[in-house]
Amino acid sequence: MPMNQSLVAEFQHESDNTRRMLERVPDEHFSWKPHEKSYSLHHLAMHIAQMAGWAKVTIEQDELDFSKQEFEWPEVNSTRQLMELFEKHREEAIGSLQQVTDEELMKPWTLRNGPQVFFTMPKMVVLRSMVFNHIIHHRGQLSVYLRLLNVPLPGIYGPSADEQ
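Treat the numbers as computed from the prediction; the structure is a model and nothing was measured. (Residues numbered from 1 in each chain as written. Predicted model: local features only at pLDDT ≥ 70, side-chain atom pairs only at ≥ 80, totals over all residues. Heavy atoms only, no water.)

*Asks:* Quick one: what's the story with the sheet that holds strand β2 (residues 108–113), residue by residue and with numbers?
*Replies:* Here three strands make up an open sheet; going across it, the order is β1-β2-β3 and the pairing mixed. Since the sheet does not close on itself, it has two edges, and those belong to β1 (63–65) and β3 (116–122), each with one partner. If you compare each strand with its neighbour and ignore which way they point, the axes differ by 10° on average. Pairing of β2 with β3, which is carried by six bridges, proceeds in the antiparallel orientation. Bridging from a neighbouring strand, tryptophan 109 pairs with methionine 121 of β3. Against the sheet, helix α6 (residues 123–148) touches β2 and β3, its axis set at about 105° to β3. (Pairing = 2+ DSSP bridges. Helix = DSSP H or I, 4+ residues; strand = E, 2+ residues; numbered from the N terminus. Axes fitted to C-alpha atoms, helices over the stretch in contact; angles between N-to-C directions. Contact = heavy atoms within 4.5 Å.)

Structure follows, in C-alpha cells:
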C-alpha cells in the first residue's frame, strides 16, 4: 500500500475530531485566555484551523523559510468563518495527500529562518510530527480552554464526560 493512503486515512480521522472541537469554539469568548502567557481562544483556534494547510506546504515545497514568508492572519470574526477556514485547509491537505508519491514523501524538507536551520527531515516525518501531531497537541490545549469555559466537549477517542 502506498504511504499516502495511510496518511489520508489518518488525517481524515483526526481532522474529523478536530472539526468537532473547533465547532464548539464560542466566538463570544474569542479574546479569553486561561493565563496571561497563553494564546487567546481565538489565536489558538486560528492556529489549529490553519495548521491543516501545512500538509500542502510540506508536500509541495522542499522547505519553509520564515525569513521569506510574510504571514498575515486572515480576518476571522466568528466560529462560522473559523470553520470555513479550517474546511478550506482540510480539503487542500487531503487533495495534496491523495496525490503525493512515496518517493516525494521520502525527500528531505527543511524548516529555517534564513541561515538558521531548525531541522531537515523526510517529508513523511514532517507530516506526522509537525503537522498531524502538532494539530493534536493544540487540539488538546483547546479542549482545556473549552472545559474551563464550561463548553461541553465532544468525544474524540470515545465518549467524553459530556456525551455519556
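*Asks:* Describe the packing of helix α2 (residues 41–51) against helix α4 (residues 79–99), naming the residues involved and giving the relevant values.
*Replies:* Remark: α2 packs on α4, axes separated minimally by 7 Å, with the N-to-C direction vectors making an angle of 25°. As far as their axial angle goes, α4 and α2 are roughly parallel. When α2 is examined against α4, the residues Ala45, Met46, Ala49 and Gln50 are found in contact with a partner set consisting of Leu82, Leu85, Phe86 and His89. Of the residues that constitute the contact of α2 with α4, the class distribution is six nonpolar, two polar and no charged. (Parallel < 35°, antiparallel > 145°, perpendicular 65-115°, else oblique. Nonpolar A, V, L, I, M, F, W, Y, C, P; charged D, E, K, R; others polar.)

*Asks:* Give me the packing of aromatic side chains: which residues, what numbers.
*Replies:* This structure, assessed with the given rule, holds four aromatic pairs. Relative to tyrosine 145, the ring of tryptophan 32 has its centre 5.7 Å away and its plane inclined at 85°; by these criteria the two rings are edge-to-face. Of the two residues, tryptophan 32 is situated in the loop between α1 (3–22) and α2 and tyrosine 145 in helix α6; the sequence distance between them amounts to 113 residues. Judged by its relative accessible area of 23%, tryptophan 32 falls in the partly exposed class. Overall, tyrosine 145 belongs to the buried group, its relative accessible area being 8%. Pairing tryptophan 109 with phenylalanine 119 gives two aromatic rings, centres 6.1 Å apart and planes at 35°, and the pair type is tilted. One end of the pair, tryptophan 109, is in strand β2; the other, phenylalanine 119, is in strand β3, and ten residues separate them in sequence. Overall, phenylalanine 119 belongs to the buried group, its relative accessible area being 18%. (Phe/Tyr/Trp six-rings, centres within 6.5 Å; stacked < 30°, edge-to-face > 60°. Buried < 20%, exposed > 50% of the residue type's maximum accessible area, 1.4 Å probe, protein only.)

*Asks:* Account for the environment of threonine 58, with residues named and values stated.
*Replies:* Position of threonine 58 relative to the elements: it lies in helix α3 (residues 54–60). Spatially, the C-alpha atom of threonine 58 lies 9.8 Å from that of leucine 111, the residues being 53 residues apart in sequence. A polar contact is formed between the side chain of threonine 58 and the backbone oxygen of tryptophan 54, at a distance of 2.8 Å. (Polar contact = N/O pair within 3.5 Å; in protein donor to acceptor, adjacent residues only side chain to side chain.)

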